[in-house]
Amino acid sequence: MALLFHSMIKRDDWWRTQLNKHVPDLEIRFWPEIGNPDEIEFAMCFNMPHGELAKLKNLKAVFSLGAGVDHLFADPDFPRHIPFARVVDDELTSRMTEYVVQHVLNHHRYQHQYDAQQREKIWQENHAPAARERKVGILGLGTLGQGAATTLKYLGFDVAGWSRSPKDIDGVTNFHGGDQLDAFLARTEILICLLPLTAETRDIMNAELFSKLPEGAAIINPGRGPHLVEEDLITALDSGHLSAATLDVFRTEPMPQDNPLWSHPKVRITPHVASIANPDRVAALIAKNIIRARKGEPLVNQVDTTKGY
Ligand code: NAP
């Protein structure tokens with residue numbers, strides 16, 4: 001029996017070596033060279049072309065190569081009855097925390113204004129309040145949101161988060177559910193999106209949401225591109241209601257050359273690099289799960305299909 005691997009990153013021999021180190025008898029096949037589909041027991045993938053997983057009649061488990069599983073739910077033929085797992089890893093969390101802290105500090109200390117001033121050779125102080133007076137809000141208080149929240153709290157920021165279910169995180173104000181979203185937004189000066197992409201969260205950062213943030217708020221999106229309505233962001237930045245945005249993910253990736261976000265003076269762009277899973281750790285995590293699946297044990301970090309993330 002075999003595992004089918006699909007990723008945009010081509011390092012076939014490396015993955016074979018890593019997986020076989022942990023599971024020596026596992027045959028690894030690389031999409032599109034599937035061979036006999038009935039021999040495939042496991043799939044390990046990110047953005048597999050739709051319909052491909054449904055062809056594998058003897059699949060026992062599917063492993064996402066990242067923390068998000070929206071790429072699996074986006075496939076209308078994805079076999080949802082098969083257990084599937086995502087990546088949850090301390091290093092992935094701390095890398096995301098680094099990204100969030102880096103950009104919260106940039107917005108908090110008005111770095112985008114200093115960058116603009118430098119281009120014009122303007123010497124002008126912009127006074128930032130103390131961190132305890134800066135209200136930071138995180139959409140999504142899951143693995144990554146909690147990691148960022150606790151570190152921002154440690155740095156002294158006034159941190160709140162919004163989730164589906166209530167949370168009790170020391171020093172972090174929790175809002176939850178649709179009814180509490182407006183109150184969360186009304187107090188948020190720097191908004192970070194760490195939600196999964198689902199039917200409920202698609203397009204969540206739109207004109208209406210921006211209008212509920214205080215004047216001058218900034219946003220950071222390392223979640224997923226379709227969380228953000230890009231045209232609405234540009235309108236809110238141009239009107240001055242929002243002061244700046246840092247974006248890591250986009251509706252189309254790589255971002256097309258003609259996307260106006262590239263050259264917007266209030267937008268800072270990174271190319272979907274906020275937190276990239278370390279392949280060594282992912283290979284070890286997935287190998288451990290393969291061994292569990294073969295013994296008929298439940299997967300670690302198995303996704304709850306009823307929640308959709
Ligand atoms: P997670 O542990 O599943 O946490 C998701 C959080 O979002 C949970 O707090 C959840 O609430 C909340 N949530 C989900 N749907 C909601 C809704 N409709 N209303 C309110 N809250 C909702 O996910 P994670 O591991 O933190 O990852 C989050 C996302 O980050 C991933 O899905 C992926 O899209 C993105 N990501 C990006 C990068 C990058 O490099 N840019 C890297 C890794 C991940 P509950 O706690 O109540 O369930």
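Residues numbered from 1 in each chain as written. Predicted model: local features only at pLDDT ≥ 70, side-chain atom pairs only at ≥ 80, totals over all residues. Heavy atoms only, no water.

1. Details of the overall build of the chain
The cut-off we apply is this: Counting from the N terminus, the helices are DSSP H or I runs at least four residues long and the strands are E runs at least two residues long. With the radius of gyration taken over C-alpha atoms, the globule rule is written as 2.2 Å times the number of residues to the power 0.38. Accessible area is worked out with a 1.4 Å probe on protein chains only. A residue is then buried under 20% of its type maximum, exposed over 50%, and partly exposed in between. In what follows, residue pairs with any heavy atoms lying within 4.5 Å of each other are defined as contacts. Throughout, the Shrake-Rupley method with a 1.4 Å probe supplies accessible areas, and for residues the shown protein chains are the sole cover considered.
Within the chain, the secondary structure is distributed over nine helices and twelve strands. In terms of overall size, the chain behaves like a compact globule, its C-alpha atoms giving a radius of gyration of 21 Å where 309 residues would be expected to give roughly 19 Å. Per-residue burial for the chain yields a buried fraction of 50% across its 309 residues. Summarising the internal contacts of the chain: among those between residues at least 6 apart in sequence, 59% fall at separations of at least 24. Entry remark: accessible area of the chain is about 15,100 Å², with carbon and sulfur atoms responsible for 51%.

2. Points about the domain arrangement of the chain
As a reminder of what qualifies: For the domain bounds, the source is a domain assignment made automatically or taken from a database. The buried area of a pairing is the accessible area, by a 1.4 Å probe, that goes missing from both parts when the two are put together, added over both. Every case where a carboxyl oxygen of Asp or Glu lies within 4 Å of a side-chain nitrogen of Lys or Arg is listed as a salt bridge. When residues are sorted by character, Ala, Val, Leu, Ile, Met, Phe, Trp, Tyr, Cys and Pro go into the nonpolar class, Asp, Glu, Lys and Arg into the charged class, and all the rest, Gly among them, into the polar class.
By domain assignment, the chain separates into domain 1 (2-89 + 277-294) and domain 2 (91-269). Interface area, domain 1 with domain 2, both sides summed: about 730 Å², of which 46% is carbon and sulfur. Our enumeration of links across domain 1 and domain 2 arrives at two salt bridges. Arg281 is the salt-bridge partner of Glu91, the closest N and O atoms lying 3.7 Å from each other. Here the residues of the side of domain 1 that touches domain 2 are counted per class, giving five nonpolar, two polar and four charged.

3. Remarks on the pattern of salt bridges
Where charged atoms from two side chains of opposite charge come close, those side chains can pair. Across all of its chains, the model carries 20 salt bridges by this definition. Asp203 serves as the salt-bridge partner of Arg251, at 2.8 Å between the closest nitrogen and oxygen. Of this pair, Arg251 sits in the loop between strand 11 (242-247) and strand 12 (267-269) while Asp203 sits in the loop between strand 9 (190-193) and helix 7 (207-211), and the two are 48 residues apart along the sequence. For Asp203, a relative accessible area of 29% gives the class partly exposed. Between Lys212 and Glu208 there is a salt bridge, with its nearest N and O atoms 3.0 Å apart. With a relative accessible area of 28%, Lys212 lands in the partly exposed category. Through salt bridges with shared partners, a single network forms among Asp25, Glu41, Lys60 and Arg294.

4. Thoughts on the nonpolar core
Which entries qualify depends on this criterion: As used here, the term nonpolar core means buried Ala, Val, Leu, Ile, Met, Phe, Trp, Tyr and Cys residues forming a set that is joined through side-chain atoms within 4.5 Å.
If you look at the biggest cluster of nonpolar residues, it comprises 29 residues, and the most contacted ones within it are Met205, Phe210, Ile219 and Leu233. For this core, the secondary-structure elements that each account for two or more residues are strand 7 (158-163), helix 6 (181-186), strand 9, helix 7, strand 10 (217-221), helix 8 (230-238) and strand 11. Here the element with the most residues in this core is helix 8; it accounts for four residues. In this structure Phe210 touches Met205, Ile219, Leu228, Asp232, Leu233, Ala236, His241 and Leu242, once residues within four positions along its chain are discounted. Counting residues in each nonpolar core, the second largest holds 24 residues, with Phe5, Met44, Leu65 and Ala287 among its members.

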